[in-house]
Amino acid sequence: MSSNIVAILYLISALLFIFALRGLSHPESSRMGNIFGIIGMIIAVFTTLMFKSVLSYYEIGAAILIGGAIGSFIALRIEMTALPQLVAAFHSLVGLAAVFVAAAAFYDPVAFSIGKVGSIKTASLVEMSIGTFIGAITFSGSVLAFGKLQGTISGKPIVFKFQHLINALIFLLIIILIILFVINQSPTIFWTIVIVSILLGFLVVIPIGGADMPVVVSMLNSYSGWAACGIGFTLSNNLLIITGALVGASGAILSYIMSKGMNRSIINVVLGGFGGEQDTSASKDNSDKIVKQGNAEDAAYIMKNADSVIIVPGYGMAVAQAQHALREMGDILKKEGIDVRYAIHPVAGRMPGHMNVLLAEANVPYEEVLELDEINHDFPMTEVSFVIGANDVTNPAAKTDESSPIFGMPILDVEKSQSVLFVKRSMATGYSGVDNELFYRDNTTMLFGDAKKMCEDIVKSLSA
Amino acid sequence: MEAHSSEVFVIGLTVFFLACIIGYYVVWSVTPALHSPLMGVTNAISSVIIVGAILAAGPQGFDTSKIFGLIGVVLASVNIFGGFLVTYRMLSMFKKKTKKTKEKE
C-alpha cells in the first residue's frame, strides 16, 4: 500500500475517533459514537497489518485473540460499582504498552525507520524517552490507584517529610537520564529511565486520598493519552498523535471539572495529603447536640406525604450496592404521584459520572437524573431531600464557614428543602473530616443503617 | 517518511496542537452524565498505540523487539476489547423513560 493511502486510512480512523467522543454529547447518539470508535480502531489495525514489513500474521493474530479474550471477559463480568478500579487497571495497561512499544522501537529502530541500532535519530530518542517516561508513570500510578480503589491498599493519603522535594529530585534525575540516553543510547540507561519513572508514578499517587480519586483517575486518563502522543511522535504517526491529544485533552478537562467540583486547584489535589477514609475522630464539640433519629417507617411516612422528593446519592450508595433498591423506592413514590428526581454532585463517587452509571444500571431514566446546576434552584420548592451515602457535598459549611477545609466547594442545597432524610451508617464525618451541621437541624431525620437495607425497608413500609 | 526529519516533527507538532484544540471543544460538549463512558471510550482509543506494537511485532523471526511488540499487542488488545465493551455496557443502560423492566440482581 502506498504511504498516501495509509495516511488517508489513518485520517479516517482519527476522524471516527473524534466522532466517537462527539457522540457522547447525548445518550441517544452515544451508542452510535461507540460504534464509530470501534470502526475507527478496526481500520487502524487492518491498515497497519497491510504494511509490507508486517508478516507475522499468526503471532499478531494470536496476541490480539489472547488480549481480546482477557479484555472481553473482564469487561463483561465486572460489576458496575467496580468501574473506577477497572478504568484504573486499563489505564495502567496503556502505560505499559507504551513502554513496550518504545522499547521495541529502541531495539529495532529499522522497523520504524528512525535510524539504526546505536545511531537512532536524536529527535526520535527524545520523543521515545518522553513516551517511555509518561507511559511508565501512567502504569505505576494507575496500579496504585487501582489498589486504593479496590481496597487492597489503604485509601488514606500517605504523607512523609520532603515528599515533594524527593519527587522533584527524581524528576530532575529523569531529565538527566534522558539527556544521557540521547547521548550514548545505552540500553541500561533506557531501563533505568523506566524503573525510576515507575517509582515516580507510585510516589505521585501515594499522598492522594481515596475521595480525591476522581481527579487521579481523570489525570491518569490524561497521561495515558500523552503517552500515546509521545509514541506517535517517535513513530511520526499522525493517528497516534491525534488520538493521544484527544485522550490527553479529555482527561485534563475531566480533572479540571473534578477539582472545580471540590473548589480546589489541580495542583492542590496532586500535592495530596487531603482527607482519608471516614475513620477520623467523631465530632468533638457536637456531642451535646441532639440528633433526630428515625427508622424506615418514619421515612416512608414522610415521603409518602410529600409531593416532591429529590434523591441525593453518594459513594455510600455505591458501596452498599443500593441503587436497585433505591430505584424501587423511587418507583413506588412515583406511582403515588410524587415528583421524584435525582441530584448528582460532580464529585459524587470515585470517578466522573460514577453515580449516573449506577442509576442507569438500576433503570432510572436519565431525564430524572440532574446535575448540580440544573437542580440546585429547585431545593427550596422541594419537600423532602433524601440523601443516601453522601455527606460533604451537602454540607452548608462550604458556604458559611470560611475556616472549613471544604469552604467554597459547590454543594447541593438540600438544607433549603422542607425536610432532609439522611441515610448513613454512623455519625462519622465525611472524608474531609468536617462535621455536618445539617445532622443537628430540626427538619433533619437521620436514618442509620446500611443504605441498601434501609431502602428495602422503606419499600416494605411504603407498600404495606 | 522520506521528508526531512525536522519537517516531519513540525508537521507532527501542527497536528498535535490542532488535535488538542479539537479535543478541548469536543470534550466540553460531552454531557456530564456520560463522563464515565467518556473514560471508557478514551481508554479504548488510546490503545491505538497497538499500531506501534504491530509494527514491532511484524517482522518474521524472533528478537527482543518482536517480543516487546507482541506483549504490546496483547496489552493494547485487552484495552481495546475491554474498553469498547464496558462502554457499550454502560451506554446500553442509559435509557429513555419507557416501560421499566424489572431487573434481577
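Residues numbered from 1 in each chain as written. Chains lettered and ligands numbered in written order. Predicted model: local features only at pLDDT ≥ 70, side-chain atom pairs only at ≥ 80, totals over all residues. Heavy atoms only, no water.

This part is about the overall build of chain A. The secondary structure content of chain A amounts to 17 helices and eight strands. Taken against the 2.2 N^0.38 rule, which gives 23 Å for 464 residues, the C-alpha radius of gyration of chain A at 25 Å falls within 12% of a compact globule. Across its three principal directions, the C-alpha atoms of chain A cover 75 × 50 × 35 Å. Buried residues in chain A amount to 61% of all 464 residues. Put simply, of all contacts in chain A between residues at least 6 apart along the chain, 77% involve residues at least 24 apart. Element-wise, carbon and sulfur atoms account for 65% of the exposed surface of chain A, whose accessible area totals about 17900 Å². Averaging the coordinates of the 28 positive side-chain charges in chain A and doing the same for the 36 negative ones gives two points 6 Å apart. (Helix = DSSP H or I, 4+ residues; strand = E, 2+ residues; numbered from the N terminus. Rg over C-alpha atoms; globule rule 2.2 N^0.38 Å. Buried < 20%, exposed > 50% of the residue type's maximum accessible area, 1.4 Å probe, protein only. Contact = heavy atoms within 4.5 Å. Areas by Shrake-Rupley, 256 points an atom, 1.4 Å probe, with all protein chains shown as cover. Lys, Arg positive; Asp, Glu negative; His and termini not counted. Charge placed at Lys NZ, Arg CZ, Asp CG, Glu CD.)

Residue and element names in this part refer to chain A. At S236, a position not held by glycine, the phi torsion is positive, near 45°. Mapping S236 onto the fold places it in the loop between α8 (213-234) and α9 (238-261). Although it is not a glycine, N363 sits at a positive phi angle of roughly 70°. Its location among the elements puts N363 in the loop between α14 (354-361) and β5 (369-371). Relative accessible area serves as the criterion here: at 12%, N363 is assigned to the buried category.

Below, the discussion takes up the packing of aromatic side chains. For the coordinates displayed, the defined rule picks out 19 aromatic pairs over all chains. Residues F233(A) and F9(B) carry aromatic rings whose centres are separated by 5.8 Å and whose planes lie at 45° to one another, so their mutual orientation is tilted. Residue F233(A) is found in helix α8, and its partner F9(B) is found in helix α1 (residues 5-28); the two belong to separate chains. Taking the relative accessible area as the measure of exposure, F233(A) reaches 13% and is therefore buried. By way of ring pairs, the aromatic residues F100(A), F106(A), Y107(A), F181(A), F190(A), W191(A) and F68(B) are connected into one cluster. For R350(A), the ring lying beneath its charged end belongs to Y315(A), and the centroid distance is 3.6 Å. (Phe/Tyr/Trp six-rings, centres within 6.5 Å; stacked < 30°, edge-to-face > 60°. Lys NZ or Arg CZ within 6 Å of the ring centre and 35° of its normal.)

Quick look at the pairing of strand β6 (residues 384-388) of chain A now. β6(A) sits mainly inside the fold: five of its five residues count as buried. Burial along β6(A) is two-sided: V384(A), F386(A) and I388(A) facing one way and S385(A) and V387(A) facing the other are all buried.

Moving on to the interface of chain A and chain B. The interface of chain A with chain B comprises 110 residues on the first partner and 88 residues on the second. Summed over both sides, the interface between chain A and chain B buries roughly 8700 Å², with carbon and sulfur atoms accounting for 75% of that surface. Together, L24(A), N34(A) and M41(A) form the three largest contributors to the area buried by chain A at its contact with chain B, with a combined 7%. Here chain A and chain B share one salt bridge between them. One salt bridge connects E59(A) with K66(B), and the closest N-O pair in it is separated by 3.0 Å. Remark: the boundary between chain A and chain B carries 19 residue pairs in polar contact (both at pLDDT 80 or more). Of the residues that constitute the side of chain A that touches chain B, the class distribution is 66 nonpolar, 27 polar and 17 charged. (Buried area = accessible area lost by both parts, 1.4 Å probe. Salt bridge = Lys/Arg side-chain N within 4 Å of Asp/Glu carboxyl O. Polar contact = N/O pair within 3.5 Å; in protein donor to acceptor, adjacent residues only side chain to side chain. Nonpolar A, V, L, I, M, F, W, Y, C, P; charged D, E, K, R; others polar.)

Moving on: the environment of I74(A). All names here are of chain A. Positionally, I74 belongs in helix α3 (residues 57-77). Judged by its relative accessible area of 31%, I74 falls in the partly exposed class. Between the C-alpha atoms of I74 and K292, which are 218 residues apart in sequence, the distance is 45 Å.

Turning our eyes to something else, we now look at the sheet that holds strand β3 (residues 308-313) of chain A. Residues and elements named next belong to chain A. Spatial ordering of the open sheet is given by β5-β4-β3-β6-β7-β8, a layout of six strands whose pairing is parallel. The strands lining the two open edges of the sheet, one partner per strand, are β5 and β8 (444-448). Across the sheet, the mean angle separating the axes of adjacent strands is 25° when strand polarity is ignored. Of the strands in this sheet, β3, β4 (339-344) and β6 are in contact with helix α13 (residues 323-335), which crosses β4 at around 145°. Together, β6, β7 (419-424) and β8 form the strand contacts of helix α17 (residues 451-463), whose direction differs from that of β6 by roughly 140°. (Pairing = 2+ DSSP bridges. Axes fitted to C-alpha atoms, helices over the stretch in contact; angles between N-to-C directions.)

Here the focus is the nonpolar core. Residues and elements named next belong to chain A. Residues M303, L326, M329, F386, I388 and I458 are the most contacted members of the largest nonpolar core, which totals 191 residues. Element by element, the count of residues in this core is highest for helix α4 (residues 83-107), at 17 residues. Beyond its immediate chain neighbours, meaning those up to four positions away, M303 contacts V309, M329, L333, I338, V384, F386, L421 and I458. (Core = buried A, V, L, I, M, F, W, Y, C linked by side-chain atoms within 4.5 Å.)

The end-to-end C-alpha distance of helix α2 (residues 27-49) of chain A is 34 Å, a good match for the 33 Å that 23 residues give at a rise of 1.5 Å each. Listed in full, the buried residues belonging to α2(A) are P27(A), S30(A), G33(A), N34(A), G37(A), G40(A), M41(A), A44(A), V45(A), T47(A), T48(A) and L49(A). If you follow the buried residues of α2(A), they end up packed against α1 (3-22), α3 and α9 of chain A together with α2 (35-46), α3 (50-57) and α4 (64-91) of chain B. (Expected span 1.5 Å × (residues − 1).)

Our next topic: the confidence of the model for chain A. Considering every residue of chain A, the mean pLDDT works out to 88; 95% of them sit at 70 or more. Low pLDDT, under 50, characterises residues 275-284 of chain A; the predicted model gives this stretch 17 contacts beyond four residues in sequence or across chains. (pLDDT = per-residue confidence, 0-100.)

So, about α4(B). The end-to-end C-alpha distance of α4(B), which contains 28 residues, comes to 40 Å, matching closely the 40 Å that a straight helix rising 1.5 Å per residue would cover. When you tally the buried positions in α4(B), you get 20 out of 28 residues, the bulk of the element.

We now examine the packing of α4(A) against helix α5 (residues 122-150) of chain A. All names here are of chain A. For the pair α4 and α5, interaxial distance at closest approach is 7 Å and the crossing angle is 155°. Between α4 and α5, the crossing angle belongs to the class labelled roughly antiparallel. Viewed along their axes, α4 and α5 form a crossing whose handedness is left-handed. (Parallel < 35°, antiparallel > 145°, perpendicular 65-115°, else oblique. Left-handed = near helix turned anticlockwise from the far one by under 90°.)

Quick look at the pattern of salt bridges now. Residues and elements named next belong to chain A. Within this structure, the stated rule accounts for 13 salt bridges over all chains. The shortest N-O distance in the salt bridge between D331 and R327 comes to 2.9 Å. Placement of the pair is D331 and R327 together in helix α13, with a separation of four residues, close to one helical turn. You'll find D331 and R327 in the same group, each marked buried. Between K460 and D457 there is a salt bridge, and its shortest N-O distance comes to 3.7 Å. Here the residue K460 and the residue D457 both occupy positions in helix α17, the gap between them amounting to three residues, near one helical turn.

Looking at the secondary structure, you find V51(B) in helix α3. A relative accessible area of 1% means that V51(B) is categorised as buried. When the C-alpha atoms of V51(B) and A76(B) are compared, they prove to be 9.3 Å apart, with 25 residues separating the residues in sequence. Sequence-distant contacts of V51(B), that is, excluding residues within four places in its chain, are made with Y10(A), A44(A), T48(A), N237(A), L239(A) and L240(A).

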